[in-house]
Amino acid sequence: MLKLVKPSHEYMHAFKETMQEQQTDIGTRLYTPGVLKLIEMIDSGRETEWLKNIAQQNNITLFWLMDDNRYVGCFTFRHNLTEQLIQRGGNLGYNIIPSQRRRGFAFVGLSLVLEQAYKMGFDKILITCGTDNDKSYALIKKAVATFGGEFLPVSEQNEYRAWVNTASVFVK
């Protein structure tokens, strides 16, 4: 069963295990400096330091998508939109690990993030993706069709952009 969780000691082993399984897939941006730093901190027993740092960041909420006890992806919810984020980036960044893609996990994760955003007081969130990212654009179109929202013009940075409603996840 899929669930959205905040990173915690409980899920660190699953995160590291998944990253090790995915090591051969470096071209998918899984091995960002942040991921490498977290793995290093887990290996040295310093994941508490990382968790405290994440908890103190009041501009973002980091969620991990878990399938039972297996890490399948990450969703970063940005609370405050700058002009730059309105053009490129929006409220949401996400990544599903390669072995779990094309299974609908991104949509389920997005739905769960919309629920959390609603609980935080957001009535809509901005989602963007590059005009060359067909899969993310399909996710945005499905989200707008399912939850309601509106498309904005393509940004100067060649990003598709759409506001997606959060309340429609709950209000029928």
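Note that this is a predicted model, so its numbers are computed, not measured.

*Asks:* Explain the sheet that holds strand β4 (residues 92-96) residue by residue, including any values.
*Replies:* Across the sheet, four strands lie side by side as β1-β2-β3-β4; this open sheet has antiparallel pairing. Looking at strand neighbours, the two that pair on one side only are β1 (2-5) and β4, the edges of this open sheet. Between one strand and the next, the sheet's axes are offset by a mean angle of 20 degrees, whatever the strand orientation. The pairing of β1 with strand β2 (residues 60-67) spans four bridges and is antiparallel. Looking at β2, one finds that L2 is bridged to D67. Its contacts with the sheet place helix α5 (residues 105-119) against β1, β2, β3 (70-78) and β4, and it is angled at close to 45 degrees to β3.

*Asks:* Outline the sheet that holds strand β5 (residues 124-130), supporting the account with residue identities and numerical values.
*Replies:* Taking strand neighbours across the sheet as the criterion, the three strands line up as β5-β7-β6 in an open arrangement whose pairing is antiparallel. Edge positions in the sheet fall to β5 and β6 (149-152), since each of these pairs with one other strand and no more. Shown here is a sheet whose adjacent strand axes are inclined to one another by a mean of 20 degrees, direction ignored. Across seven bridges, the pairing between β5 and strand β7 (residues 159-165) is antiparallel. Pairing of I125 across the sheet is with V164, part of β7. Across the sheet, helix α6 (residues 134-147) lies against β5, β6 and β7, angled at about 25 degrees from β7, the strand it touches most.

*Asks:* Give a description of the packing of aromatic side chains that names residues and reports values.
*Replies:* Enumeration according to the criterion identifies eight aromatic pairs in this entry. Look at Y137 and Y160: their rings are 3.8 Å apart centre to centre, the planes differ by 20 degrees, and that puts the pair in the stacked class. Placement of Y137 in helix α6 and of Y160 in strand β7 is noted, with a sequence separation of 23 residues between them. On the basis of relative accessible area, Y137 is assigned to the partly exposed category, the value being 22%. One aromatic cluster is present, built from ring pairs that chain together F15, W64 and Y71. Seen from the ring of W163, K124 lies directly overhead, with NZ or CZ sitting 4.6 Å from the centre.

*Asks:* An account of the environment of L38 is requested, with residue identities and associated values reported.
*Replies:* Mapped onto the elements, L38 comes out in helix α2 (residues 33-43). Measuring from C-alpha to C-alpha, the distance between L38 and K16 comes to 8.7 Å, with 22 residues separating the pair along the chain. Excluding residues within four positions of it along the chain, L38 makes contact with M12, F15, W50 and W64.

*Asks:* Explain α6 residue by residue, including any values.
*Replies:* When the terminal C-alpha atoms of α6 are compared, their 20 Å separation across 14 residues agrees well with the 20 Å that a helix rising 1.5 Å per residue should span. Every buried residue of α6 is listed here: S136, L139, I140, A143, V144 and F147. The buried residues of α6 occupy one face: seen down the axis, they fall within an arc of 130 degrees. Summarising the geometry of α6, the exposed residues directed more than 90 degrees from the buried face are D134, K135 and A145. Looking at the buried side of α6, the elements it contacts are β4, α5, β5, β6 and β7. Looking one or two places after α6, you find G148, whose phi comes out positive at around 85 degrees.

Procedures and definitions
Residues numbered from 1 in each chain as written. Predicted model: local features only at pLDDT ≥ 70, side-chain atom pairs only at ≥ 80, totals over all residues. Heavy atoms only, no water. Pairing = 2+ DSSP bridges. Helix = DSSP H or I, 4+ residues; strand = E, 2+ residues; numbered from the N terminus. Axes fitted to C-alpha atoms, helices over the stretch in contact; angles between N-to-C directions. Contact = heavy atoms within 4.5 Å. Phe/Tyr/Trp six-rings, centres within 6.5 Å; stacked < 30°, edge-to-face > 60°. Buried < 20%, exposed > 50% of the residue type's maximum accessible area, 1.4 Å probe, protein only. Lys NZ or Arg CZ within 6 Å of the ring centre and 35° of its normal. Expected span 1.5 Å × (residues − 1). Arc of directions from axis to C-beta.

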